[in-house]
Structures are given as C-alpha cells and as structure tokens.
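Listed here are the chains, written in short residue letters.
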Amino acid sequence: MKWTEAYATGSNEVDEQHKTLFLMSEQFRETLDAGHGEGTYDLFIEFLSTYAMTHFSYEEDCMLAHLCPAADRNKVEHCNFTQFIDQEVERFRRDGFDRTVAYNLLDTIDQWLDSHIGKVDVQLKTVMP
Ligand SMILES: [Fe+2]
Ligand SMILES: [Fe+2]
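Residues numbered from 1 in each chain as written. Chains lettered and ligands numbered in written order. Predicted model: local features only at pLDDT ≥ 70, side-chain atom pairs only at ≥ 80, totals over all residues.

Caption draft 1: Main features of the packing of helix 2 (residues 41-65) against helix 3 (residues 71-95). Relative orientation of the contacting elements helix 2 and helix 3 amounts to 165 degrees, with a least axis distance of 10 Å. It follows from the interaxial angle that helix 2 and helix 3 lie roughly antiparallel. In this structure, helix 2 meets helix 3 at a crossing whose hand is left-handed. Its residues assigned to classes, the contact of helix 2 with helix 3 shows 13 nonpolar, 4 polar and 7 charged. (Axes fitted to C-alpha atoms, helices over the stretch in contact; angles between N-to-C directions. Helix = DSSP H or I, 4+ residues; strand = E, 2+ residues; numbered from the N terminus. Parallel < 35°, antiparallel > 145°, perpendicular 65-115°, else oblique. Left-handed = near helix turned anticlockwise from the far one by under 90°. Nonpolar A, V, L, I, M, F, W, Y, C, P; charged D, E, K, R; others polar.)

Spelled out as structure tokens, the structure:
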C-alpha cells in the first residue's frame, strides 16, 4: 500500500515516519509474493514493533504539545496496535513462520494504517502551525 497526500498530517517528520511504515509493509508483501520471507519474518516483526513504538511516542508527544483533539484516541489505538503486534511476536516464537498468518498480518496492518492514519493521525493537521 502506498502513502498518499490523503494521509498528510501537517508534520513532515510524522509523514516521513508513516511513509516508512507503508514501505516496510509493502516490501515485505513483495518478499512473500516472491515466495520468500520465512528467513526474515522475525526481523520484520521485531523491527516493525520497535519502529512503531518509536513513531507512536514521537507522534503522541507531538499531539500533546499541540493540544490535538485526537490525542487520547490516538494513544488508545496505538496501544491496541502494539498489543496486536506483540501477540504475533509471541505466536511466532511459539509456532514459527506461517505464510497465511504473515499475509493476514500485512492485510491487518494495511487496514490499520489506512483507518488510523486516515481518521486519527490526520487530525494533527487541524492544530499544526
Ligand atoms: Fe497515530
Ligand atoms: Fe502515526
């Protein structure tokens, strides 16, 4: 899935971080489509988890600093997403790589990026100077 102007938040830094998340998901989907991914799935989900957390904390600070009306909802949705990824990290450690689960994970991430960024993160635009 590609980042578009519809996801612009008024903060270049936040937008760049979002673009990286879109790119990571897109690149791993290409890896799966090429029949690979088993050897790098652990790196993908660990990196995703770390990157998302770093981004969430940056964005939450930004929303608080600018008194964004979506700040609370943003935090709750970040928390849910982090739990979702953590559960997959746990499942992977227990049961190992599963191509169908990996595709489902990417679908969920793409849907989440679309709805979360499109409805919550974009509210930053209303308060950014
Ligand atoms: Fe967010
Ligand atoms: Fe975000």
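Read on, since the account is not over.
Caption draft 2: Fine view of the nonpolar core. If you look at the biggest cluster of nonpolar residues, it comprises 7 residues: Phe28, Tyr41, Phe44, Ile45, Ala102, Leu105 and Ile109. Core analysis: the second largest hydrophobic core is formed by 6 residues, Val14, Met63, Cys68 and Ala71 among them. (Core = buried A, V, L, I, M, F, W, Y, C linked by C-beta atoms within 7 Å. Buried ≥ 20, exposed ≤ 12 C-beta atoms within 10 Å, placed from the backbone.)

Caption draft 3: A look at the environment of isoleucine 45. Relative to the assigned elements, isoleucine 45 resides in helix 2. With 20 C-beta atoms packed within 10 Å, isoleucine 45 lands in the buried category. For the pair isoleucine 45 and isoleucine 85, spaced 40 residues apart in sequence, the C-alpha separation works out to 7.4 Å. When near neighbours in sequence (up to four residues on either side) are disregarded, isoleucine 45 contacts Ile85, Glu88, Val89 and Phe92. (Contact = placed C-beta atoms within 7 Å.)

Caption draft 4: Representation of helix 2. Between the first and last C-alpha of helix 2 there are 36 Å, a value that for 25 residues agrees with the 36 Å anticipated at 1.5 Å per step. Turning to helix 2, its buried residues are Tyr41, Phe44, Ile45, Glu59, Cys62 and Met63. In the core, the buried residues of helix 2 are packed alongside helix 1 (12-33), helix 3 and helix 4 (99-119). One or two positions beyond helix 2, positive phi appears at leucine 67, with a value near 50 degrees. (Expected span 1.5 Å × (residues − 1).)

Caption draft 5: Spatial organisation of helix 4. Between its first and last C-alpha atoms helix 4 spans 30 Å; for 21 residues at 1.5 Å apiece the expected length is 30 Å, and the two agree. For helix 4, the elements touching its buried residues are helix 1, helix 2 and helix 3.

Caption draft 6: Representation of the packing of helix 1 against helix 2 in the model. Where helix 1 meets helix 2, the axes come as close as 10 Å, and the angle between the chain directions of the two elements is 160 degrees. On the basis of the axis angle, helix 1 is roughly antiparallel to helix 2. Between helix 1 and helix 2 lies a crossing of left-handed hand. Contact residues: Val14, Gln17, Thr20, Leu21, Met24 and Phe28 in helix 1; Phe44, Leu48, Tyr51, His55, Tyr58, Glu59 and Cys62 in helix 2. When the residues that make up the contact of helix 1 with helix 2 are grouped by side-chain class, the tally is 9 nonpolar, 3 polar and 1 charged.

Caption draft 7: A look at the confidence of the model for the chain. Scored by pLDDT, the chain has a mean of 97; 100% of the residues are at 70 or more. The element-level mean pLDDT for the chain is lowest in helix 2, coming to 96, with helix 4 highest at 98. (pLDDT = per-residue confidence, 0-100.)

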